[in-house]
Amino acid sequence: MDEIANNLRSLKMPGMANFWTSLHETRQHDDLSLKDGLLMMIQAELDNRTMSRNAKLLKKAHFRYQASIDQVIFDSSRGVDKQKVLNLASCDYIKYGTPIIMTGAAGTGKSWLASALGHQACMNGYKVVYFNLYRLFEEIALARVSGTLHRFFTKLAQTDLLIIDDFGIKVLDGQQLLDFMEIIEDRHGQKSTIIVSQLPVSNWYDVLKKNTTAADAILDRIVHTAVRFDLKGESMRKKKSTKKSDVTEK
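Definitions and limits used
Residues numbered from 1 in each chain as written. Predicted model: local features only at pLDDT ≥ 70, side-chain atom pairs only at ≥ 80, totals over all residues. Heavy atoms only, no water. Phe/Tyr/Trp six-rings, centres within 6.5 Å; stacked < 30°, edge-to-face > 60°. Helix = DSSP H or I, 4+ residues; strand = E, 2+ residues; numbered from the N terminus. Buried < 20%, exposed > 50% of the residue type's maximum accessible area, 1.4 Å probe, protein only. Pairing = 2+ DSSP bridges. Axes fitted to C-alpha atoms, helices over the stretch in contact; angles between N-to-C directions. Contact = heavy atoms within 4.5 Å. pLDDT = per-residue confidence, 0-100. Salt bridge = Lys/Arg side-chain N within 4 Å of Asp/Glu carboxyl O. Arc of directions from axis to C-beta. Polar contact = N/O pair within 3.5 Å; in protein donor to acceptor, adjacent residues only side chain to side chain. Expected span 1.5 Å × (residues − 1).

## Some points on the packing of aromatic side chains
Alright, step 1. Under the defined criterion, the tally for this structure stands at four aromatic pairs.
Alright, step 2. Seen in terms of ring centroids, Phe131 and Phe152 are 6.3 Å apart; in terms of plane orientation they differ by 65°. Their pairing is edge-to-face. Residue Phe131 is located in strand 2 (residues 128–132), and its partner Phe152 is located in helix 8 (residues 149–158); the two are separated by 21 residues in the primary sequence. Across this residue pair, the class does not change: Phe131 and Phe152 are buried.
Alright, step 3. Among the aromatic side chains, those forming a connected cluster through ring pairs are Phe131, Phe152 and Phe153.

Structure (structure tokens):
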């Protein structure tokens, strides 16, 4: 038994090795036909590889929050429509390169919902990366200095889902605006992008106003085909803080 398990591990099949060991520990191996046992071992290996792949995708995504779709609190009055979220959970929007826009005041759960959708994408085998706007431009500046900018943009363009948080916290200057336009242009109709902002879409033009041509191109590629969430209500952070205070007082 140990020899077979060790050989399977040396062949980089830990899922099969662990299942083989489990069969013997539970004394179920005699109750299975060769065909059924082999099918179950192969499925165990496939499941193990899927879990390993998903764990790597989640680690590389660098999400702001550890959130998942099953933790989403659906509330249409807050702008979190159940059917809309569940439709996105299928990840078909990624296949078609459909953008998503999430707007709302601070603390309404925009970043959390974006992270949950990103987590779901990873679970479906898609490559995801999460940036807030400042970190994105820091990475671009470093890549430009080190001469790896083309490689960085290529990597972004090949990422299945790009999440950009805190859009609108600053007016983009000339070079930043051109860099942002290149990112959006590379992904348009090919890869999906989630943009999270405290600003309503009607105010986005002011953030991009230093170059009207670039602004028009960016908004045209994002706004018209996007799935939108406009989150409302009190800050979720404030609610959590109030609940903690109540518990402490009790």
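## Here we look at the sheet that holds strand 1 (residues 100–104)
Alright, step 1. In space, the five strands of this open sheet follow the order 2-3-4-1-5, with parallel pairing throughout. Lying at the two open borders of the sheet, with one neighbouring strand each, are strand 2 and strand 5 (227–231). Across the sheet, the mean angle from the axis of one strand to that of its neighbour is 10°, orientation sign disregarded.
Alright, step 2. Of the pairings in the sheet, the one linking strand 2 to strand 3 (residues 161–167) comprises five bridges and is parallel in character. When the sheet's bridge partners are listed, Phe131 is paired in strand 3 with Ile164.
Alright, step 3. Strands strand 3 and strand 4 (192–197) of the sheet are contacted by helix 9 (residues 174–187), whose axis makes an angle of about 145° with strand 3.

## Some points on the confidence of the model for the protein
Alright, step 1. Looking at the protein as a whole, the pLDDT averages 87, with 91% of positions reaching at least 70.
Alright, step 2. Of the regions scoring below 50 in pLDDT, residues 241–245 engages in zero contacts with residues more than four places distant in sequence or in other chains.

## With respect to the pattern of salt bridges
If charged atoms from side chains of opposite charge come close, those side chains can pair.
Alright, step 1. Overall, the coordinates contain eight salt bridges when judged by the stated rule.
Alright, step 2. Across the salt bridge formed by Asp179 and Arg144, the nearest N and O atoms sit 3.0 Å from each other. In this pair, Asp179 is assigned in helix 9 and Arg144 in helix 7 (residues 133–146), connecting sequence segments 35 residues apart.
Alright, step 3. Using a relative accessible area of 3% as the deciding quantity, one classes Asp179 as buried.
Alright, step 4. When the shortest N-O distance is used, the salt bridge between Asp160 and Lys191 registers 3.3 Å. Pair noted here: Asp160 is in the loop between helix 8 and strand 3 and Lys191 is in the loop between helix 9 and strand 4, with a separation of 31 residues, a long-range link.

## Observations regarding helix 4 (residues 82–89)
Structural remark: α-helix, 3.6 residues per turn; residues separated by three or four positions point the same way.
Alright, step 1. Those residues of helix 4 that sit buried are Val85, Leu88 and Ala89. Here the buried residues of helix 4 occupy an arc of 110° about the axis, which is enough to place them on one side.
Alright, step 2. You can read the cap of helix 4 off the contacts: a side-chain oxygen lies 3.3 Å from the backbone nitrogen of Gln83, and it is on Asp81.
Alright, step 3. Downstream of helix 4 by a residue or two, Cys91 has a phi angle that is positive, lying close to 70°.

## Quick look at helix 9
Alright, step 1. For helix 9, with 14 residues, the first-to-last C-alpha span of 20 Å sits near the 20 Å given by 1.5 Å per residue.
Alright, step 2. Every buried residue belonging to helix 9 is among Gln176, Leu177, Asp179, Phe180, Ile183, Ile184 and Arg187, and all of these are buried. Along the long axis of helix 9, the arc covered by the buried residues comes to 165°, so they all point the same way.
Alright, step 3. On its buried face, helix 9 sits against helix 7, helix 8, strand 3, strand 4 and helix 11 (212–222).

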